[in-house]
Amino acid sequence: MASQTTDIAQILQLIEFVEKKQQEMDLSKKMMEIYSHLIWKLARVQIPRQSAADLKRFKDDMTKVGAFFAKNNEKVIYYHTFLPLVCELITMSDGEQPSCALAVIFQLFSTDMILEAVQSLLDVDVPDQSIRKTVGLLCEWLRICNFCQNLNIWIMAILNGLQKQQKTTLVDQIALENIDQLFSSLIVPVLRPKVAPIVFHMLSTDQTPEVFHKIIPRFPRVITMLKQQSNSSEEYAESTKAILKQLVDRASALMVRFFRYDDMYEPIELALKDFQPSSNYLSYAYGNKTFDSTGVENYSNQGNAKVGLVNLGNTCYMNSVLQALAMTKEFTREILLSESKSPLLIKMQQQIALMLYSTRQELTPSKVLNATRPPGFSPGLQQDSSEFLGYLLETLHEQEITFNKKANKNNELSSPSDSRGASALCQPNGNGGDNNGLGDDEDDLDDDDVELKEAVEPKKPTNSQNISTQAADSLCTQTTNTKDNTLKHSNSKHLSHAAAGSASATASPASAAATTYSTIEKTFTGKLATTYKCLTCGWKSCNIDSFRDLQLSFPDVKNDCASNYSVQDLIEYYCSSEKLDGDNQYFCERCKKLSDAERYINVISAPKNLILTLKHFKYDQKYHMRAKLMHKVFHDEKVSLKVCSPETLEEIATVHYDIYAGVVHSGFSMDSGHYYTYAADATNKWYKFNDSIVTPSRTEELHNLTPPNTPYILFYQMGARSNETPDTSASTKVIKVDVPSPLTLEELPRDLRDMVTHDNYAFSEELKMRRFKANAVLANSNQGVNNKNKGSRRDSFDDDDEEQPPPASGCGGNSMLNNMNRFVY
């Protein structure tokens, strides 16, 4: 952008000339060019800095300019011509900042249009630096542009949009860069109503204390000025009192929230000596905060609706899965009552118990992360929640089976002294820090446990155990079929169609017991029969597979956004017949060659809890990356599976499922994004689990998702079963399936109950000490006492070296200087 400045009078002359020419000729085809030219000239307007009269005259002139642009009231031009050009001028990297006269374009947008425009801008992968520069410039213009009345709404809409996308690191950066000047502007009455909501919003990003600490040098002066103005006879006195009250409460709460900085807080404590915070001021430190488009804050002093999980640096893939599993009624009951001594199962017991019964607002799941991170999941990088779920379930199953075999072998040699085998892993640490009541890792295992852990530590499950080498060769030809119905974490047998029934019927009692013994087998495992029919000779063969989730593909369409689907549609597509031809031919054992064939999939055993993974990602051959399909999916609250006889493969029943959880992926590719979960509790109340923040929700939020927010993993619970009758005229009887009620805290095994109770007590003591500290500070300030023993008060919080403020979420951004932004936040 050229450095030459433009006088506003020149722009007004151009506008007058254009309006005159419009009366003489049709300029409609040239208006876009005229508008663009005027916007470029507005970016170079010099703002007068003389008298108040000059500023008033400039405001009147800008009003005339705005009226000219407003004559074209077509929204599409605002969105696709005016706004993109202004954004380009703002984010140009030539080092010259555009004039605030450009703000007249922002003034054209109504509140609803602003929200829509910001959403469309944020849905595009805009570089973080461009967003920071834009918000910073808007914050500056807010303080100097008296002719633009809605810049605060633009700023709030961008901040709220970034929060919805969980770009907390970017929000913190914006707050750090702008909070200083905005906070100082609170003393200006005309700016205060617009600036205050933004300041309070920025102070609500309480993952780290830096934003709060940034305003400490200016805090005494602002408080003094607000106090004077609130006691004046001006018309703004009452509104100033309200803002002053919020500021006192917010500062008092943040000093409690970040309690390790007493020396730094002395100026604030002195400035607040004449003020008493509200009775519920601590809700600012521990409550839920939401803002509307104008910055009005809605507040709940109840804290999180459920226990949240701290993001330990791009670990949303784990947090989202754990929250869904914690809402799986049969799984939680089985795992909490399990007597297995598997190290991972014990850690999961403790984690689930705390997630269900803890009084904390959030837990730090570092122990579970260390125990469950799959091989190849490098810390800090983006990972796949479906892969993590599969690995977690497989490892839980393998460890439980292995340890149970060891226990049975030991039982044959000697009688156990304790059937549960109490482990040191279950002992609560009681420190209230990062462990949150969970035990240590490898150090707590004895030699035999370590040996067994190594025996089951990461190994990939076998996809098939074929009867003959020739049959195995035939399977190798089916690696690139259209539907890609690969079964993850399955155990399969390749059988002829005639032998399928006998294989199932002759299974030994010992093997049958093993398949129902592990917690995972009881709650998530079903069976499929995959039949292949050669179209040349009619030969049939069948695979019997165990599955824990179904990978649902989308029909192959040219336009990734062309179609809408229901989950039931995708299930039926998964089970429908498929022709194998071309490069995807089937190796027929009878023909001894590759032949065209058909494949059929039938469910022969339905799981109690059905996990469905919607394959929204495909490999882009052109760009060599996994691209995301933006199909619209209606998340059916009820789905059904047709169950067939393992002998005849004819339908014998229909199993009906009800949705209770869904893991959502927000983002445009697997290289960036965020996972969060919607889930229902035992009373069918829905919640949104977004790492450490848990808020009440409704199923409509899950149904109304729009790209780039797409369902990824859906969890359904068996609700009813209907048996088919030979007489088609008879009505099918639907039998409700009973789901066990959740365990109460008192019903937990003693070691788990004691661990939860102990940690809850430790947390209550932490809160007491923090409130005591806050009240002591206020009492001493009110008495004018210069508190000299702050060090001793700090020591009461420093007795636990493990208790450190949780790290910033590490969501998004390039904290590792990675230019590709490969983090899932």
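A brief report on the enclosed structure follows. None of these values were measured; they are calculated from a predicted model.

Side note on the overall build of the chain
Scanning the chain from terminus to terminus reveals 29 helices and 25 strands. Looking at the 825 residues of the chain, the share that counts as buried comes to 54%. For the chain, the share of sequence-separated contacts (at least 6 apart) that also reach a separation of at least 24 residues comes to 73%.

Focus: the environment of Met718
By the element assignment, Met718 lies in strand β24 (residues 709–723). Taking the C-alpha atoms as reference, Met718 lies 9.5 Å from Val639; in sequence the two are 79 residues apart. Residues within four places of Met718 in sequence aside, it is in contact with Ala606, Pro607, Lys608, Val655, His656, Tyr657, Val737 and Val739.

What to know about the side chain of Lys41
Here Lys41 lies in helix α2 (residues 31–42). Here Lys41 occupies a buried position and makes no salt bridge, while the nearest side chain of opposite charge, Asp7, is found at 10 Å. When near neighbours in sequence (up to four residues on either side) are disregarded, Lys41 contacts Thr6, Ile11 and Leu14.

A short note on the packing of aromatic side chains
Inspection of every chain in the model, using the stated rule, returns 19 aromatic pairs. Centroid distance Tyr317 to Phe377: 5.5 Å. Interplanar angle 75 degrees. Geometry classified as edge-to-face. Residue Tyr317 is located in helix α16 (residues 316–326), and its partner Phe377 is located in the loop between α19 (366–372) and α20 (385–413); the two are separated by 60 residues in the primary sequence. With relative accessibility at 3%, the residue Tyr317 sits in the buried group. Among the residues examined, Phe377 registers a relative accessible area of 8% and is labelled buried. Measuring from centroid to centroid gives 6.0 Å for Tyr660 and Phe715, while their planes differ by 55 degrees, and the two rings are tilted.

Describing the nonpolar core
Ranked by internal contacts, the top residues of the largest apolar core, which has 100 residues, are Leu42, Phe69, Phe109, Trp141 and Phe219. In terms of residue count, helix α4 (residues 75–91) provides more of this core than any other element does, ten residues in total. Structurally, this core is a two-domain feature, drawing no fewer than three residues from each of domain 1 (1–154) and domain 2 (167–288). In this structure, Leu363, Ala371, Phe377 and Phe524 belong to the second largest nonpolar core, which totals 51 residues.

Observations concerning the pairing of strand β8 (residues 540–547)
For β8, the buried fraction is high: seven of the eight residues fall into the buried class. Sheet analysis places strand β7 (residues 526–534) next to β8, joined by eight bridges and oriented antiparallel. Counterpart to Leu528 in the pairing with β8 is Asp545. Where β7 folds back on β8, the antiparallel hairpin that results is connected by five residues, among which Gly538 adopts a positive phi of roughly 85 degrees.

Some points on the pattern of salt bridges
Scanning all chains against the criterion turns up 19 salt bridges. Its salt-bridge partner being Glu177, residue Arg132 comes within 2.2 Å of it at the nearest N-O pair. Of this pair, Arg132 sits in helix α7 (residues 128–144) while Glu177 is found in helix α9 (residues 168–184), placing the two residues 45 residues apart along the sequence. By relative accessible area, which is 23% here, Arg132 ends up partly exposed. By relative accessible area, Glu177 is classed as partly exposed at 40%. Residues participating in the shared-partner salt-bridge network are Arg360, Asp759 and Glu766.

Some remarks on the packing of helix α10 (residues 192–203) against helix α13 (residues 237–257)
The packing of two helices is summarised by the inter-axis angle and the distance between the axes. For the pair α10 and α13, interaxial distance at closest approach is 11 Å and the crossing angle is 15 degrees. Here α13 runs roughly parallel to α10, going by the angle between their axes. The handedness of the crossing between α10 and α13 is left-handed. Mapping the contact onto sequence places Arg192, Ala196, Phe200 and Leu203 in α10 and Thr240, Ile243, Gln246, Leu247, Arg250 and Leu254 in α13. Its residues placed into classes, the contact of α10 with α13 shows six nonpolar, two polar and two charged.

Considerations on the environment of Thr613
With respect to the element layout, Thr613 can be found in strand β15 (residues 609–614). Put simply, Thr613 and Leu714 are 101 residues apart on the chain and 6.4 Å apart in space, counted from C-alpha to C-alpha. Setting aside residues up to four positions removed in sequence, Thr613 forms contacts with Ser386, Asp549, Leu550, Gln551, Leu552, Tyr712 and Ile713.

Let's talk about the environment of Cys591
Within the fold, Cys591 resides in the loop between β12 (586–588) and β13 (593–595). Taking relative accessible area as the criterion, Cys591 reaches 23% and is therefore assigned partly exposed. Measuring from C-alpha to C-alpha, the distance between Cys591 and Cys534 comes to 8.7 Å, with 57 residues separating the pair along the chain. Other than its neighbours up to four places away in sequence, Cys591 contacts Cys534, Thr536 and Cys537.

Considerations on unusual backbone geometry
What you tend to see is this: most non-glycine residues have negative phi, and most peptide bonds are trans. Despite not being glycine, Leu649 has its phi angle at roughly 60 degrees, a positive value. Owing to a relative accessible area of 16%, Leu649 belongs among the buried residues under this scheme. Notably, Asn684 is not glycine yet its phi reads approximately 65 degrees, a positive angle. Along the chain, Asn684 falls in the loop between β21 (672–680) and β22 (686–690).

A short note on α16
For α16, a buried count of eleven out of eleven residues is recorded, marking the element as mostly surrounded by other parts of the structure. Along α16, the residues classified as buried are Cys316, Tyr317, Met318, Asn319, Ser320, Val321, Leu322, Gln323, Ala324, Leu325 and Ala326.

A closer look at the packing of α16 against helix α18 (residues 343–357)
Two elements in contact, α16 and α18, have axes whose closest approach is 10 Å; the angle formed by their N-to-C orientations is 75 degrees. Taken together, the axes of α16 and α18 are roughly perpendicular relative to one another. Within the contact between the two elements, α16 uses Leu322, Gln323 and Ala326 and α18 uses Met348, Ile352, Met355 and Leu356. Looking at side-chain class alone, the contact of α16 with α18 contains six nonpolar, one polar and no charged residues.

Cut-offs used in this document
Residues numbered from 1 in each chain as written. Predicted model: local features only at pLDDT ≥ 70, side-chain atom pairs only at ≥ 80, totals over all residues. Heavy atoms only, no water. Helix = DSSP H or I, 4+ residues; strand = E, 2+ residues; numbered from the N terminus. Buried < 20%, exposed > 50% of the residue type's maximum accessible area, 1.4 Å probe, protein only. Contact = heavy atoms within 4.5 Å. Lys, Arg positive; Asp, Glu negative; His and termini not counted. Salt bridge = Lys/Arg side-chain N within 4 Å of Asp/Glu carboxyl O. Phe/Tyr/Trp six-rings, centres within 6.5 Å; stacked < 30°, edge-to-face > 60°. Core = buried A, V, L, I, M, F, W, Y, C linked by side-chain atoms within 4.5 Å. Domains from an automatic or database assignment. Pairing = 2+ DSSP bridges. Axes fitted to C-alpha atoms, helices over the stretch in contact; angles between N-to-C directions. Parallel < 35°, antiparallel > 145°, perpendicular 65-115°, else oblique. Left-handed = near helix turned anticlockwise from the far one by under 90°. Nonpolar A, V, L, I, M, F, W, Y, C, P; charged D, E, K, R; others polar.

What is shown is where atoms sit, not what they do.
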